[in-house]
Amino acid sequence: MEKVRLGIIGFGVQGGNYADFIANGKVKGMEIGAICDIEEEKQEAAKQQYPNVPFFNNYTDMLESGNVDAIVTCVPHYLHPEMGIGSIKRDIHALIEKPAGVYTKQVKELNDFAATKPDVLFGIMFNQRTNKLYQKVKEIVDSGDIGNIRRTNWIITSWWRPQGYYEQSAWRATWEGEGGGVLVNQAPHQIDLLQWICGMPKKVYSNVKYGYQRNIPVEDEVTVLLDYGNGATGVFITCTHDVIGTDRFEILGDNGKIVVEDSKKVTIKRLHKPEAEMSATMSMQEVNEIVTGKGTEGIYNEEVLEFESAWGEQHINVLQNFANSLIHGEAILAPGSDGINGVSLANAIHLSSWLGKEVELPIDEEVYYQELMKKVEEERNTAVK
Ligand SMILES: NC(=O)c1ccc[n+]([C@@H]2O[C@H](COP(=O)([O-])OP(=O)(O)OC[C@H]3O[C@@H](n4cnc5c(N)ncnc54)[C@H](O)[C@@H]3O)[C@@H](O)[C@H]2O)c1
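Given the structure is predicted, the values throughout are model-derived calculations rather than measurements.

Turning our attention to the overall build of the protein. The helix and strand tally for the protein stands at 13 helices and 15 strands. Radius of gyration (C-alpha) of the protein: 23 Å, near the 21 Å computed for a compact globule of 385 residues. In the protein, the share of contacts with a sequence separation of at least 24, taken over all contacts with a separation of at least 6, comes to 71%.

Let us now look at the nonpolar core. Core analysis: the biggest nonpolar cluster contains 102 residues, and Leu6, Ile8, Ile9, Ile35, Ala70, Val137 and Ile349 have the highest contact counts within it. Built from parts of two domains, this core gets at least three residues from each of domain 1 (4-126 + 312-336) and domain 2 (129-309 + 342-384). Setting aside anything within four residues of it in sequence, one finds Ile9 in contact with Cys36, Tyr59, Ile71, Val72, Thr73, Cys74, Val75 and Met83.

Residues Ala70 and Val72 of strand β4 (residues 70-73) are buried on one face, and the alternating residues Ile71 and Thr73, pointing to the opposite face, are buried as well. As paired strands, strand β1 (residues 4-9) and β4 are joined by four bridges and run parallel to one another. Paired with Ile8 across the bridge in β4 is Val72. As judged from the four bridges shared by β4 and strand β5 (residues 93-96), these two strands associate in the parallel manner. Bridge pairing in β5 places Thr73 opposite Ile96. Between the parallel pair β4 and β5, the chain is carried across by helix α4 (residues 79-89), and the sense of this crossover is right-handed.

Let's shift gears to the site of the ligand. Taken together, 24 residues form the shell around the ligand, and within it Gly10, Gly12, Val13, Gln14 and Glu97 come nearest. In terms of residue count, helix α1 (residues 13-23) provides more of the shell around the ligand than any other element does, three residues in total. Taken together, the residues of the shell around the ligand break down into eleven nonpolar, eight polar and five charged.

A few words now on the packing of helix α6 (residues 132-143) against helix α8 (residues 188-198). Contact geometry of α6 with α8 gives a least axis separation of 9 Å together with a crossing angle of 30°. In terms of orientation, α6 lies roughly parallel with respect to α8. Contact residues: α6 offers Tyr134, Val137, Lys138 and Val141, while α8 offers Leu193, Trp196, Ile197 and Cys198. In the contact of α6 with α8, the residues fall into seven nonpolar, no polar and one charged.

Within a regular strand, the side chains alternate between the two sheet faces. Residues Gly256, Ile258 and Val260 line the buried face of strand β12 (residues 256-261), whereas the alternating positions Lys257, Val259 and Glu261 sit on a face that is not buried. Taking the residues that link successive antiparallel strands as the turn, the strand β11 (residues 247-253)-β12 hairpin has two residues. The sheet contact formed by β12 and strand β13 (residues 265-271) spans six bridges and is antiparallel. If you follow Lys257 over to β13, its bridge partner there is Lys269. Hairpin connection between β12 and β13: a loop of three residues separates the two successive antiparallel strands, and Asp262 in this loop has a positive phi of roughly 55°.

This next bit is on unusual backbone geometry. In this model, Lys98 is joined to Pro99 through a cis peptide bond whose omega is -10°. Take Pro99: it is sitting in the loop between β5 and α5 (104-115). Residue Pro362 is reached from Leu361 by a cis peptide bond, and omega for that bond is -5°. Positionally, Pro362 belongs in the loop between β15 (359-360) and α13 (365-384). Phi at Asp262 is positive, roughly 55°, even though this residue is not glycine. Tracing the sequence through the fold places Asp262 in the loop between β12 and β13. The backbone of Ser263 shows a phi angle near 55°, a positive value even though the residue is not glycine. In this fold, Ser263 is placed in the loop between β12 and β13. Given 20 C-beta atoms within a 10 Å radius, Ser263 is considered buried.

A word on the sheet that holds β15. One open sheet holds the nine strands; their spatial order is β14-β13-β12-β11-β7-β10-β9-β8-β15, and the pairing between them is mixed. Strand pairing shows two members of the sheet lacking a second neighbour, β14 (300-306) and β15, which therefore form its edges. In this fold helix α12 (residues 339-355) packs onto β8 (203-210), β9 (219-227) and β15, with an angle of close to 75° to the strand it touches most, β8.

As assigned here, the protein comprises domain 1 (4-126 + 312-336) and domain 2 (129-309 + 342-384). If you look at the interface, domain 1 gives 19 residues, while domain 2 gives 21 residues. Those elements giving two or more residues to the side of domain 1 that touches domain 2 turn out to be α5 and α11 (311-328). Considering every element that reaches the side of domain 1 that touches domain 2, the biggest residue donor is α11, with four residues. Looking at the side of domain 1 that touches domain 2, its residues break down into eleven nonpolar, five polar and three charged.

Parameters and conventions
- Residues numbered from 1 in each chain as written.
- Predicted model: local features only at pLDDT ≥ 70, side-chain atom pairs only at ≥ 80, totals over all residues.
- Helix = DSSP H or I, 4+ residues; strand = E, 2+ residues; numbered from the N terminus.
- Rg over C-alpha atoms; globule rule 2.2 N^0.38 Å.
- Contact = placed C-beta atoms within 7 Å.
- Core = buried A, V, L, I, M, F, W, Y, C linked by C-beta atoms within 7 Å.
- Buried ≥ 20, exposed ≤ 12 C-beta atoms within 10 Å, placed from the backbone.
- Domains from an automatic or database assignment.
- Pairing = 2+ DSSP bridges.
- Right-handed = clockwise from strand over helix to strand, strands pointing away.
- Near = placed C-beta within 6 Å.
- Nonpolar A, V, L, I, M, F, W, Y, C, P; charged D, E, K, R; others polar.
- Axes fitted to C-alpha atoms, helices over the stretch in contact; angles between N-to-C directions.
- Parallel < 35°, antiparallel > 145°, perpendicular 65-115°, else oblique.

Structure follows, in structure tokens:
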């Protein structure tokens, strides 16, 4: 393949961004093959902006048109698995948007189906995996440099969204249209990075608030206690109502600590001796002498790294990697099948709050699905009244 003709399904905010990147030549080897949306005004907008690009109002017609080699699913999350399967079934490469789906049962169907077609490329838009900062953090953790993880803390409350954001489109922040709030829309990026870098927890216990500071039925405030099953624990906090939000990720290991601030600055402190050895061999007085006399150099060394990563750049990098993978066989940065981990974790966090107890991963996907459908039903009944 010399050029990838990408079919953009959903010409809303994100589909519009990708069309703009590709049309402006920001993704080498990729062109817009076709655009699809079900709304008439999107059709008019697409025809006006991209008069030479075929438009479809049904995605299966687009898949069967011969106009596209690959698709990207810029549609509400529930639809990603169905469209992914529809595309892969027709030997059309699929790049699905995050999250991979709303509930693991549907994402599992997608992954199982994709596994039967290994020659069809299946990727997911985890744009933050292209951020050099997080690649570096993963590299350090994987290398064993800071030893086994003891604790992870991520407070990511910089996803501030005003009430008007939720009123942009009817599907947003509803159980029926979106399947959740911050856990399925904004935080999937960090949930993916957390599990990508630190692994999946074995149990979660959550306190989730639904419609706490926003007039929405889904969650806008989440605090989770993570248990990795080997003694390591973690805390994950996210919300959409903190206008002066925090983005701070700490990983404490046996031999050191990594602190990421604002997704821009990483401070790595490497202990000269593992903490257990210090505890066994050093006295409180000795440590005090080092700290008061010479500073901390006698205990650890410190490395500070700063990174810049523009939002659009990350998405362009994923599109570029997808095109390179098809044209040159480059390894894919975020395989589509990885998407299930974040969905699984988000589902477990919801479920823990609904059941009011700690839950083990993997969760019972049928129980989750039934509970989610109850929320959809309650929401429908409330809307009717
Ligand atoms: N990776 C990222 O950083 C990022 C950023 C924003 C959005 N997203 C993801 O992109 C997806 C879309 O988000 P958005 O903000 O663009 O939403 P949006 O509401 O702006 O756009 C969604 C579009 O999908 C269309 N649509 C709905 N059902 C369809 C169907 N059956 N066939 C074709 N089109 C259909 C709608 O008409 C709408 O134009 C979401 O899953 C979201 O999580 C990812």
